[in-house]
Amino acid sequence: DGVPSDTILVGTVYNLFHEEIPNDDDFARQVEADAAAMAQAHLTHVLLFPLGQWDPATRTLDWERTDTVVAAFERHGLK
């Protein structure tokens, strides 16, 4: 991915889906604050796990909040 071989990649695993945040606006604010803090801490890579949120009503994965997380990571230069 264009990273020089002598560069140390620093990252973390990010799991916000374990918390109950029923309001999408509150979720987006939390993700934005977390992404900013990760960038400020000089993290370069973040593994989002799990990738989606399970919707028990429809028994399917809901990707809407995943898109919110990925967009925040990209805004802050996180891979």
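Above: the structure in question.
Residues numbered from 1 in each chain as written. Predicted model: local features only at pLDDT ≥ 70, side-chain atom pairs only at ≥ 80, totals over all residues. Heavy atoms only, no water.

(A) Main features of the overall build of the chain. Along the chain, the regular secondary structure elements total two helices and four strands. Counting from the amino terminus, helix and strand elements in the chain follow one another as β-α-β-β-β-α. Along the first, second and third principal axes, the C-alpha atoms of the chain reach 50 × 20 × 15 Å. Burial status across the chain gives 25% buried among its 79 residues. In the chain, the share of contacts with a sequence separation of at least 24, taken over all contacts with a separation of at least 6, comes to 72%. Surface exposure of the chain reaches about 5,500 Å², of which carbon and sulfur atoms provide 56%. Of the side-chain charges in the chain, 5 are positive and 14 negative, and the distance between the mean point of each set is 1 Å. (Helix = DSSP H or I, 4+ residues; strand = E, 2+ residues; numbered from the N terminus. Buried < 20%, exposed > 50% of the residue type's maximum accessible area, 1.4 Å probe, protein only. Contact = heavy atoms within 4.5 Å. Areas by Shrake-Rupley, 256 points an atom, 1.4 Å probe, with all protein chains shown as cover. Lys, Arg positive; Asp, Glu negative; His and termini not counted. Charge placed at Lys NZ, Arg CZ, Asp CG, Glu CD.)

(B) Structural detail: a nonpolar patch on the surface. On the surface, a cluster of nonpolar side chains totalling about 450 Å² of accessible area is made up of Leu51, Trp54, Leu61 and Trp63. Structurally, Leu61 is set in strand β4 (residues 60–62). (Patch = residues over 30% accessible without salt bridge, like charges linked within 9 Å, V, L, I, M, F, W, Y side chains within 5 Å. Salt bridge = Lys/Arg side-chain N within 4 Å of Asp/Glu carboxyl O.)

(C) Geometry of the packing of aromatic side chains. Counting across every chain of the model gives one aromatic pair. Summarising the aromatic geometry, the rings of Tyr14 and Phe73 are spaced 5.6 Å apart at their centres and angled 65° between planes, so their arrangement reads as edge-to-face. Taken together, the residues Tyr14 in strand β1 (residues 11–14) and Phe73 in helix α2 (residues 64–75) connect sequence positions 59 residues apart. Comparing Tyr14 with Phe73 shows no difference in burial state: the two are buried. (Phe/Tyr/Trp six-rings, centres within 6.5 Å; stacked < 30°, edge-to-face > 60°.)

(D) Local environment of the environment of Thr12. You can see Thr12 is positioned in strand β1. Residue classification places Thr12 among the partly exposed positions, given a relative accessible area of 32%. Residues contacting Thr12, with those up to four places away along its chain left out, are Met38, Leu43, His45, Val46 and Leu47.

(E) The arrangement of the pairing of strand β2 (residues 45–48) in detail. Residues Val46 and Leu48 point to one face of β2 and are all buried, whereas His45 and Leu47, pointing to the other face, are not buried. Here β1 pairs with β2 via four bridges, running parallel. Opposite Gly11, over in β2, you have His45 as the bridge partner. Read as a crossover between parallel neighbours, the route from β1 over helix α1 (residues 24–40) to β2 is right-handed. (Pairing = 2+ DSSP bridges. Right-handed = clockwise from strand over helix to strand, strands pointing away.)

(F) Focus on α1. Taking 1.5 Å per residue, 17 residues should reach 24 Å; α1 reaches 24 Å between its end C-alpha atoms and fits that length. Looking only at α1, the buried set comprises Phe27, Val31, Asp34, Ala35 and Met38. Along α1, the residues classed as buried sweep out an arc of 100° about the axis, all on the same side. Seen from the open side of α1, the exposed residues pointing more than 90 degrees away from its buried face are Asp25, Arg29 and Gln40. (Expected span 1.5 Å × (residues − 1). Arc of directions from axis to C-beta.)

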